[in-house]
Amino acid sequence: MIDVIIIGAGPCGLSAAIECQRQGLSSLIIEKNFIVHSIFLYPTSMQFFSTTALLEIGDVPFTSPNDKPFRHEALVYYRRAAEQHGLEIAAYEEALSVERNEDGSFTVHTVNKRGVHQSRQAANVVISTGYFDQPNLIGIPGEELPKVTHYFGEAHPYTGMKVTVIGGSNSAVDAALELIRVGASVDMVYRGASISENIKPWVRPIFESMVTKEKITLHLESRVTEITPASVTVTKYSGESTELENDFVLAMTGFRPSRTLLSSAGVHMNDDLDKPAFNPATMESNIPGLYVAGVIASGRNANEVFIETGRGHGKLIADHIVSKQLT
């Protein structure tokens, strides 16, 4: 029996483990992939919106020649932070369910990459599983075709291809700009009357210039209604439909957290907001000893919680666990 099991080795999970360690609590991180897997899935040339200072955890300095660091710098930084604090991480081990025992402790049922099942015991559990495993599906014919992806790594595979980008957020804009640099023909389809107001300010003028120069064809107040092996159908809210020749579709429609582990443990969910019940002062759910950290604490809008805000959840959790031990 250890003090705390933390499920998820993203920045917020790492921060929670560090804060527990500082309070003298024994902890283990269980991660079904590898450390900061979600950041690894970001586009290879992605630059953060946040400064290095806002991404730091555990008082480990994040040094960079750039005011806003890039993906590859963050991967190095979080590996170094975990190593410097000596965090114990069970990588490639997936938590299948969380069971509360009669004495108030927890059993976390897991399976590793070799198919070996384990039952790990802990006095407390922190669920910090992020959201990159569950893309928001559009629910249209053809979305299951192999030419469609909800993840964008880099533009090179799309050189010279006709690509439709669905979405109007930072991820969609960044993908569109990278695609035209490799000679792809880009149609961008977005439901709004204009692209998101939250586009990175240093990127917006570049994107708007590319639209003005017709390097990117922007379809506003529109949606993709069907995907075939050779085309996509774009329908405007006015009712007019256009069939576009197409090789690939990048559906940059965002992601949502998985609630499976929370539900397995009996955590109450707000059906309207798809948000777990928890005390924001302690991050403890309605199940005593079971906590949430990071984006899993958000509702349908995963952008409610970022690294810079979620990294603080660990201290609230550690402080609360220790306070319970003292009473």
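Computed from a prediction, not measured in an experiment: that's the story for all the values here.

Draft legend 1. Representation of the sheet that holds strand 11 (residues 222–227). Here we have three strands laid out as an open sheet, ordered 11-12-13, and antiparallel in their pairing. Two strands lie at the open edges of the sheet, namely strand 11 and strand 13 (241–245), each paired on one side alone. Between one strand axis and the next, the sheet turns through 30° on average, direction left out of account.

Draft legend 2. Representation of the packing of helix 1 (residues 11–22) against helix 8 (residues 313–326). One way to put it is that helix 1 packs onto helix 8 with a least axis distance of 8 Å and a crossing angle of 35°. Both helix 1 and helix 8 take part in a crossing whose hand is right-handed. Where helix 1 approaches helix 8, its residues Ala16, Glu19 and Cys20 are matched on the opposing element by Gly314, Lys315 and Ala318. For the contact of helix 1 with helix 8, a count of residues per class yields three nonpolar, one polar and two charged.

Draft legend 3. Structural detail: unusual backbone geometry. At Asp59, a residue that is not glycine, the phi angle is positive and equals roughly 60°. Looking at the secondary structure, you find Asp59 in the loop between helix 2 (37–40) and helix 3 (71–84). Positive phi outside glycine occurs at Met283, with the angle close to 70°. With respect to the helices and strands, Met283 occurs in the loop between strand 16 (275–276) and strand 17 (290–292). Note on Met283: relative accessible area 2%, which makes it buried.

Draft legend 4. Structural context of the pattern of salt bridges. Counted under the stated rule, the structure contains eight salt bridges. Asp59 serves as the salt-bridge partner of Arg22, at 2.7 Å between the closest nitrogen and oxygen. Linking Arg22 in helix 1 with Asp59 in the loop between helix 2 and helix 3, this pair joins segments that are 37 residues apart in sequence. Here Glu284 makes a salt bridge to Lys324, at a shortest N to O gap of 3.4 Å. Here the residue Glu284 occupies a position in the loop between strand 16 and strand 17, and Lys324 occupies one in helix 8, the gap between them amounting to 40 residues.

Here is what the cut-offs are and how they apply
- Residues numbered from 1 in each chain as written.
- Predicted model: local features only at pLDDT ≥ 70, side-chain atom pairs only at ≥ 80, totals over all residues.
- Heavy atoms only, no water.
- Pairing = 2+ DSSP bridges.
- Helix = DSSP H or I, 4+ residues; strand = E, 2+ residues; numbered from the N terminus.
- Axes fitted to C-alpha atoms, helices over the stretch in contact; angles between N-to-C directions.
- Left-handed = near helix turned anticlockwise from the far one by under 90°.
- Contact = heavy atoms within 4.5 Å.
- Nonpolar A, V, L, I, M, F, W, Y, C, P; charged D, E, K, R; others polar.
- Buried < 20%, exposed > 50% of the residue type's maximum accessible area, 1.4 Å probe, protein only.
- Salt bridge = Lys/Arg side-chain N within 4 Å of Asp/Glu carboxyl O.

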